[in-house]
Amino acid sequence: MEALFAYVLVFAAISGALASDPDLLQDLCVADFASGTKLNGYACKDAANIIAADFFFQGLAKPVAPNNSVGSIPTVASVQKIPGLNTLGVSMARVDFAPGGLNPPHSHPRATEIAFVLEGELDVGFITTSNVLISKTIKKGEVFVFPRGLVHFQKNNGNKPAAALGAFNSQLPGTQSIAATLFAAMPEVPDNVLTKAFQIGTKEVDKIKSKFAPKKTD
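Thresholds, definitions, all that
- Residues numbered from 1 in each chain as written.
- Predicted model: local features only at pLDDT ≥ 70, side-chain atom pairs only at ≥ 80, totals over all residues.
- Heavy atoms only, no water.
- Helix = DSSP H or I, 4+ residues; strand = E, 2+ residues; numbered from the N terminus.
- Buried < 20%, exposed > 50% of the residue type's maximum accessible area, 1.4 Å probe, protein only.
- Contact = heavy atoms within 4.5 Å.
- Areas by Shrake-Rupley, 256 points an atom, 1.4 Å probe, with all protein chains shown as cover.
- Disulfide = S-S within 2.5 Å.
- Pairing = 2+ DSSP bridges.
- Patch = residues over 30% accessible without salt bridge, like charges linked within 9 Å, V, L, I, M, F, W, Y side chains within 5 Å.
- Salt bridge = Lys/Arg side-chain N within 4 Å of Asp/Glu carboxyl O.
- pLDDT = per-residue confidence, 0-100.
- Axes fitted to C-alpha atoms, helices over the stretch in contact; angles between N-to-C directions.
- Parallel < 35°, antiparallel > 145°, perpendicular 65-115°, else oblique.
- Nonpolar A, V, L, I, M, F, W, Y, C, P; charged D, E, K, R; others polar.
- Core = buried A, V, L, I, M, F, W, Y, C linked by side-chain atoms within 4.5 Å.

### A short note on the overall build of the protein chain
Along the backbone of the protein chain there are four helices and 10 strands. Along the chain direction, N to C, the helices and strands of the protein chain fall in the order α-β-β-β-β-β-β-β-β-β-β-α-α-α. Across the 218 residues that make up the protein chain, the buried fraction comes to 28%. Long-range pairs, those at least 24 residues apart, make up 68% of the contacts in the protein chain between residues at least 6 apart in sequence. Split by element, the accessible area of the protein chain, about 14000 Å² in all, is 62% carbon and sulfur.

Listed below in structure tokens is the structure:
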């Protein structure tokens, strides 16, 4: 029994260690996007070429007006925008909402998110793997946590714009929007999969897919 208990403790410790990005093994590892080396992350830039701009991003400072059908737009501050985040295991994002705007149901496969309301009021929630909805209305200055990998959403039900900041325990948390993942994947998810999963007809599937089709340009 003691051996089993020890095994469980060791397993829990290892699982906890693997719950976010790996720990860094040096002070800095600024991402070298030009490197041909393939890693779980990015190769390190030569220390002699590191500059302050590698750790700077001003894209979250100002609101961005949503111009899409869902009424929200994210601005992501991940390692792809801030090379200095490589191996540091953190990132941020700002989401701006039009009145009535929705950040559609989505998940972050590599990170837990903690959201902070900058302006306005948001109805937020996540769904557990037992299909239980955990939801709350949060106001300016309040925070809400979305556990790693769980489907979640934010909705501005007010008549004024709203904004929120999200912080993640990953340099590149990833985002999978549920609707876009299923109806805009390339190659396409077969219609017979979608019709059976959602208990709808092919016409309905085609109609939904058309909503996600790239807009034609002249």
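Still more ground to cover, so stick around.
### Remarks on the state of the cysteines
Applying the stated criterion across every chain yields a total of one disulfide. Residue Cys29 pairs covalently with Cys44 via a disulfide, S to S 1.9 Å. Around the S-S axis, the bridge from Cys29 to Cys44 shows a dihedral of about -100° and counts as left-handed. Taken together, the positions of Cys29 in the loop between α1 (2-17) and β1 (72-77) and Cys44 in the loop between α1 and β1 put the pair 15 residues apart, joining distant regions of the chain.

### Notes on the sheet that holds strand β10 (residues 176-177)
The strand order across the open sheet formed by five strands is β6-β5-β8-β3-β10, and the pairing between neighbours is antiparallel. With partners counted over all chains shown, the strands left at the sheet margins are β6 (133-139) and β10, one partner each. The pairing of strand β3 (residues 102-107) with strand β8 (residues 151-155) spans three bridges and is classified as antiparallel. From the neighbouring strand, His106 faces β8, where its bridge partner is His152.

### Some details on the pairing of β6
Sheet topology places strand β5 (residues 121-127) next to β6; seven bridges connect them, and they run antiparallel. Within β6, the residue paired with Asp123 across the bridge is Thr137. The turn linking β5 back onto β6 is made up of five residues, and Asn131 within it adopts a positive phi angle of 65°.

### Some remarks on a nonpolar patch on the surface
Side chains of Ile114, Phe116, Val143 and Val145 sit close together on the surface and give an oily, nonpolar patch of about 310 Å² of accessible area. Structurally, Ile114 is set in strand β4 (residues 113-119). Given the relative accessible area of 38%, Ile114 is considered partly exposed.

### Details of the confidence of the model for the protein chain
On average, residues of the protein chain score 89 in pLDDT, and 88% of them reach the 70 mark or higher. The model gives residues 4-18 a pLDDT under 50, and that stretch makes one contact with residues more than four places away or in other chains.

### Concerning the packing of helix α3 (residues 191-198) against helix α4 (residues 202-212)
At a minimum axis separation of 9 Å, α3 and α4 run at an interaxial angle of 105°. By the angle between their axes, α3 is roughly perpendicular relative to α4. In contact with Asp191, Leu194 and Thr195 of α3, α4 contributes Thr202, Val205, Asp206 and Lys209. Here the residues of the contact of α3 with α4 sort into two nonpolar, two polar and three charged.

### Some thoughts on the nonpolar core
Of all hydrophobic cores here, the largest spans 13 residues; its most connected members are Phe97, Leu122, Val124, Phe126, Ile138, Phe144 and Phe146. Mapped onto this core, the elements with two or more residues apiece are β2 (91-97), β4, β5, β7 (143-146) and β9 (162-168). Ranked by residues supplied to this core, first place goes to β5 with three residues. Residues within four places of Leu122 in sequence aside, it is in contact with Phe97, Val117, Lys136, Thr137, Ile138, Gln154, Lys155, Asn156, Ala162 and Ala164. Ala31, Ala77, Val79 and Leu85 belong to the second-largest nonpolar core, a separate cluster that totals seven residues.

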